[in-house]
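Letter by letter, the chains look like this.
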Amino acid sequence: MNKIFVSPSPHIHSGDSIKKNMWGVVIAMVPAMILSFVYFGINALFATLTAVLSCILFEYLIKKFLLKEESSITDGSAIITGILLAFNVPSSLPLWIIVIGALVAIGIGKLSYGGLGNNVFNPALVGRVFLLISFPAQMTSWPIPTTRLSEKINPDMIDSFTGATPLAMLQEGIQSGQSVSSIMEQNNFPTYQDMLLGNIGGSLGEVAAIAIIAGLIFMLVRKIITWHIPTAIILTVAAFTGILNLCSPDTYADPLFHLLTGGLLLGAVFMATDYVTSPMSKKGMLVYGVGIGLLTVIIRIWGSYPEGMSFAILIMNAFTPLINKYFKPKRFGIAKKGGKK
Amino acid sequence: MLKTFKLGGIHPPENKLSKDKPIEILPIPEKVIIPLGQHIGAPAKILVKKGDSVKVGQLIAEKGGFISANIHSSVSGTVEKIADIKDASGYPKPAIHIKVDGDEWDESIIKDDNLIETISYEKEEIVKRVEAAGIVGLGGATFPTNVKLMPPPGSNSEFLIINAVECEPYLTADHSIMLKRAKEIIVGINIIIKATGVKKAIIGIENNKPDAIKLFENIASTYSNIEVCPLKMKYPQGGEKQLIKATTGREVPSGALPIAVGAIVQNVGTVLAIYEAVQKNKPLFERVVTVTGKKINKPGNYLCRIGTPIGNLIEAAGGLPEDTGKIINGGPMMGKALINTDTPITKGSSGVLLLDIKESKRKEQNDCIRCAKCINVCPMGLEPYLLMSLAENNNLERLEEERIMDCIECGSCSYTCPANRAILDYIRLGKGRTGQMIRNRK
Ligand code: SF4
Ligand code: SF4
């Protein structure tokens, strides 16, 4: 007889794997990636390639030569970090800056903690925030989508043309004393349809709300993530900005504007849901989502970064261990209150 | 909408290869090996010695404590020796080896198949007969049944819940007896109703057995106090607490027994054994076992004597396939892997499952990626990933706080984990040590 295995139960496995989940996320990001190429042209393609390849390369090199561990690049997580990093930078960003971002994301954001599963902060966001602080000028000059330009401006000027994101335009306008409605009526201000389709200035991946929603649906259907985090963020932002807007429509934009701009959906769907850095229980996920929603609105409206989402997620990442400690799943056979003795 | 339990659960492929196979009677082997510890509790005390001749149904070892069970010979013949065999974990366990000679039954057993509906015994007599017959939970838990039929004084038994869920993939033994012995099972239910004084019996059957649901709904319709409850398929619905939740909506408190919410749960095979013990005076010495596996020639349901070597069953089903990698006593989720085919069938064996080498190999473990999928599937609302890491660090105080003792070892967490972590291996280890710590404290 052959060698008989005698390991304990269970003797079967679902066949789910880290790879399946990670590649599922990659597939979910493809629509947004394609739209970024459509809107920002070849630069977007180069930025994405650079980010992905350098993330993979750094992961490989650091694992092999510094940590002397087996390589983990095939699990797909470095690719996700790469795509997310690219999604979070303007297409005009010099490629060497992207390489630095990738090094920070993988080296400091991920591997310094011990690799996938052990990091505290979302690696791509660590990379992005590092770049935002180190290269503020380059990181906030936003090319306008080629589609948008071609309608109104001579296409030869594309390369040199930059503009602000809708959020930045709004904040500037409000600071100079204009009302929200008058800013939105200016003819270079994007319509809601533009925002939904991604026809606005911004980072690669934060522009096309519709592509991100498609990715969300895919991940929900494939059970890669659950609805809790994205829904909590979106509802919180909608409710918070809705109340502000009702109180003073002239100073605060409406919820739809907030939901469709500034990478809110990108963050809610792809970054806040990162397995490793988000809470474990459903209750915890809701708390975390509400926290991100509140912080995002606060930073956007009263803080100095219109793109407050990244900071909000990083802050809540830091709270994740605490949330895990206090928000436990509903236990079977334990009456409501007495969770902790 | 069909009922089921709320928290967690998984949907492994059913693979009920033998679901349409009627029960076949396995030829009596040349030799049986009857272990003394086939139940939860103290092992039975031996009553025979080498050279004794025994009959089918003769008491050969008597219960060794309050929680223990009688053991009867399953064959007629001569006691060849009393010697240890290796159990599933490789530990030596005492067993009675009997060489078979003919098939002579003890005279007190009523051997015919006639249905006896009238229950002519009172409560105490019923429990006594069940106890004498050595009946234990046949679903795999092997807890002595007579103890379960005597709810502690002061408790209020409202429901009898019949576990006819058979949620383990592959296994069809319960299904096959439900189709063949439905009437006897209904009498068995009435016997338990009489013994325990419950007001209502609920038969929980998953909706992958529509024929059994229909059959029992038909027969039960003549009894106002027996109800069939079709359930939506989900593993581990056969877990006692999950089944009670699914059928009655009640939640057994952590650390308590089903009787705390007025429920008594019996497996459908046990109910049949109770019928036979009470009405036919037949001790528990045979049972139906599913022999199955994707590579096996003739998967089927076999009625076999306790103590039959598993190898005999495999032979009857077409022999051991070439690339067998694992021999499992029970189902794929909770069964035990065996070291060889000499291991005998015991009262708790519901199936023999053969996996091929490819199915048997565990995949390489990766670091936990904190995907929370194990939490989402845990039917007890635990955090398997956390229990796993606390167990690794031997942090017993925290394990107790995080309710490791509530784990029902269903394996849903390990089954689901995308990082292939053997979560339940760690949890078992931690649970054992935490239990020890709690016992020492008392
Ligand atoms: S399912 Fe596995 S990888 Fe996911 S949290 Fe649980 S232990 Fe970790
Ligand atoms: S084995 Fe224990 S921890 Fe794992 S899912 Fe089942 S009850 Fe939960």
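This is a predicted model, so every value here is computed, not measured. (Residues numbered from 1 in each chain as written. Chains lettered and ligands numbered in written order. Predicted model: local features only at pLDDT ≥ 70, side-chain atom pairs only at ≥ 80, totals over all residues. Heavy atoms only, no water.)

Engineer: Mind laying out the interface of chain A and chain B, listing which residues take part and the relevant values?
Structural biologist: Taken together, the contact between chain A and chain B spans 41 residues of the former and 66 residues of the latter. Both faces combined, the contact of chain A with chain B buries some 4,500 Å², and carbon together with sulfur accounts for 56% of it. Sorting the residues of chain A by area buried against chain B places H11, M280 and F332 of chain A first, and these three jointly supply 20% of that buried surface. The interface formed by chain A and chain B holds 6 salt bridges in total. Between K328 of chain A and E383 of chain B there is a salt bridge, and its shortest N-O distance comes to 3.0 Å. In this assembly, chain A and chain B are joined by 25 residue pairs in polar contact (both at pLDDT 80 or more). Counting residues per element, the ones that place at least two in the side of chain A that touches chain B are α1 (18–40) and α15 (282–302) of chain A. In terms of residue count, the dominant contributor to the side of chain A that touches chain B is α1 of chain A (3 residues). Residues of the side of chain A that touches chain B, tallied by class, amount to 18 nonpolar, 15 polar and 8 charged. (Contact = heavy atoms within 4.5 Å. Buried area = accessible area lost by both parts, 1.4 Å probe. Salt bridge = Lys/Arg side-chain N within 4 Å of Asp/Glu carboxyl O. Polar contact = N/O pair within 3.5 Å; in protein donor to acceptor, adjacent residues only side chain to side chain. Helix = DSSP H or I, 4+ residues; strand = E, 2+ residues; numbered from the N terminus. Nonpolar A, V, L, I, M, F, W, Y, C, P; charged D, E, K, R; others polar.)

Engineer: Residue-level account of the layout of surface pockets, with values.
Structural biologist: To find the voids left in a structure, one rolls a probe of water-molecule size over its atoms. Looking at the second largest pocket, its volume works out to about 1,200 Å³. Along the walls of the second largest pocket sit 46 residues, with K223 and T226 of chain A together with K373, N376 and V377 of chain B positioned nearest its centre. Contributing elements (two or more residues each) for the lining of the second largest pocket: α1, α12 (228–247) and α15 of chain A together with α10 (373–377) and α13 (412–416) of chain B. The leading source of residues in the lining of the second largest pocket is α10 of chain B, at 4 residues. Considering only residue class, the lining of the second largest pocket consists of 20 nonpolar, 13 polar and 13 charged. (1 Å grid on protein atoms, 1.4 Å probe; cavity = no way out; pocket = protein on both sides within 12 Å on 5 of 7 lines; lining within 4 Å. Points joined across faces, edges and corners; volume = space filled by probe spheres on them.)

Engineer: Describe the sheet that holds strand β1 (residues 23–25) of chain B, naming the residues involved and giving the relevant values.
Structural biologist: All names here are of chain B. Overall, mixed pairing links the 6 strands, which are arranged β1-β14-β13-β17-β15-β16 in an open sheet. What marks the edges here is a single partner per strand, and that holds for β1 and β16 (336–337). Here strand β15 (residues 324–329) runs beside strand β17 (residues 351–356); their pairing, made up of 5 bridges, is antiparallel. The residue of β17 that forms the bridge with K326 is L355. Contacts from helix α3 (residues 173–180) reach β1, β13 (286–292) and β14 (300–305), with the element oriented near 125° to β13. (Pairing = 2+ DSSP bridges. Axes fitted to C-alpha atoms, helices over the stretch in contact; angles between N-to-C directions.)

Engineer: Run through the sheet that holds strand β12 (residues 263–267) of chain B, naming residues and quoting values.
Structural biologist: Residues and elements named next belong to chain B. Taking strand neighbours across the sheet as the criterion, the 4 strands line up as β11-β10-β9-β12 in an open arrangement whose pairing is parallel. For this open sheet the edge positions go to β11 (226–231) and β12, each flanked by a neighbour on one side alone. When the angles between neighbouring strand axes are averaged without regard to direction, this sheet yields 25°. As judged from the 6 bridges shared by strand β9 (residues 159–164) and strand β10 (residues 200–206), these two strands associate in the parallel manner.

Engineer: Which residues make up the site of ligand 1, and what values go with them?
Structural biologist: Taken together, 13 residues surround ligand 1, and among them C368, I369, C371, C374 and C417 of chain B come closest. More than one chain reaches ligand 1: the nearby residues come from chains A and B. (Near = heavy atom within 4 Å.)

Engineer: How would you summarise the site of ligand 2 if you had to cite specific residues and measurements?
Structural biologist: Residue and element names in this part refer to chain B. Lining the immediate environment of ligand 2, one finds 13 residues, of which C378, C407, C410, G411 and C413 sit closest. For the shell around ligand 2, the secondary structure elements donating two or more residues are α13 and α14 (423–441). Taken together, the residues of the shell around ligand 2 break down into 10 nonpolar, 2 polar and 1 charged.

Engineer: Talk me through the domain arrangement of chain A; I want residue IDs and the actual numbers.
Structural biologist: Residues and elements named next belong to chain A. Along its sequence, chain A is carved into domain 1 (18–139) and domain 2 (166–326). Once you take the C-alpha centre of each, domain 1 and domain 2 turn out to be 21 Å apart. On the side of domain 2, 33 residues touch domain 1, which itself brings 35 residues to the contact. Interface area, domain 1 with domain 2, both sides summed: about 2,800 Å², of which 73% is carbon and sulfur. Counting across the domain 1 and domain 2 interface gives 0 salt bridges. On inspection of domain 1 and its partner domain 2, the count reaches 7 residue pairs in polar contact (both at pLDDT 80 or more). For the side of domain 1 that touches domain 2, the secondary structure elements donating two or more residues are α1, α2 (42–66), α3 (77–87) and α5 (123–134). A per-element tally of the side of domain 1 that touches domain 2 places α1 first, with 13 residues. Tallied by class, residues from the side of domain 1 that touches domain 2 come to 24 nonpolar, 10 polar and 1 charged. (Domains from an automatic or database assignment.)

Engineer: Explain a nonpolar patch on the surface residue by residue, including any values.
Structural biologist: On the surface, a cluster of nonpolar side chains totalling about 530 Å² of accessible area is made up of I42, L45, F46, L49, L53 and L95 of chain A. Per element, the largest residue contribution to the nonpolar patch is 5 residues, and it comes from α2 of chain A. (Patch = residues over 30% accessible without salt bridge, like charges linked within 9 Å, V, L, I, M, F, W, Y side chains within 5 Å. Areas by Shrake-Rupley, 256 points an atom, 1.4 Å probe, with all protein chains shown as cover.)

Engineer: Residue-level account of the domain arrangement of chain B, with values.
Structural biologist: Residues and elements named next belong to chain B. Once the domains are mapped, chain B shows domain 1 (23–101 + 285–356), domain 2 (123–280) and domain 3 (373–441). Here domain 2 and domain 3 have C-alpha centroids that lie 29 Å from each other. Contact residues are listed per partner, giving 6 residues for domain 2 and 7 residues for domain 3. Each partner contributes to the roughly 490 Å² buried at the junction of domain 2 and domain 3, and carbon and sulfur atoms together form 52% of this total. Considering only the surface of domain 2 that becomes buried against domain 3, Y235, Q242 and S254 emerge as the three largest contributors, covering 64% of it. On inspection of domain 2 and its partner domain 3, the count reaches 0 salt bridges. In this assembly, domain 2 and domain 3 are joined by 4 residue pairs in polar contact (both at pLDDT 80 or more). Looking at the side of domain 2 that touches domain 3 residue by residue, the classes come out as 2 nonpolar, 3 polar and 1 charged.

Engineer: Could you give an account of α2 of chain A, with specific residues and numbers?
Structural biologist: Residues and elements named next belong to chain A. Taking 1.5 Å per residue as the helical rise, α2 with its 25 residues ought to reach 36 Å, and the 35 Å between its terminal C-alpha atoms agrees with that figure. Looking at the packing, one finds that the buried side of α2 touches α1, α3 and α4 (95–110). Following α2 by one or two positions, K68 has its phi on the positive side, about 50°. (Expected span 1.5 Å × (residues − 1).)

Engineer: Before we move on, could you go through empty space enclosed by the protein and cite the residues and values that matter?
Structural biologist: Residue and element names in this part refer to chain A. With the rule as written, the count across this model stands at 8 cavities of 30 Å³ or more. Size it by volume and the largest cavity reaches roughly 260 Å³. M22, V25, I80, D274 and Y275 are the residues nearest the centre of the largest cavity, which is lined by 19 residues in total. For the lining of the largest cavity, the element with the most residues is α3, which contributes 4 residues.

Engineer: Outline the packing of aromatic side chains, listing residues and values.
Structural biologist: Under the definition given, this model contains 4 aromatic pairs over all chains. Relative to F135 of chain A, the ring of W96 of chain A has its centre 5.6 Å away and its plane inclined at 85°; by these criteria the two rings are edge-to-face. In this pair, W96 of chain A is assigned in helix α4 and F135 of chain A in the loop between α5 and α6 (136–139), connecting sequence segments 39 residues apart. Centroid distance Y252 of chain A to W302 of chain A: 6.3 Å. Interplanar angle 65°. Geometry classified as edge-to-face. You can see Y252 of chain A sitting in the loop between α12 and α13 (255–260) and its partner W302 of chain A sitting in helix α15, a full 50 residues away along the chain. Lying over the aromatic face of F5 of chain B, K234 of chain B brings its terminal NZ or CZ to 4.5 Å of the ring centre. (Phe/Tyr/Trp six-rings, centres within 6.5 Å; stacked < 30°, edge-to-face > 60°. Lys NZ or Arg CZ within 6 Å of the ring centre and 35° of its normal.)

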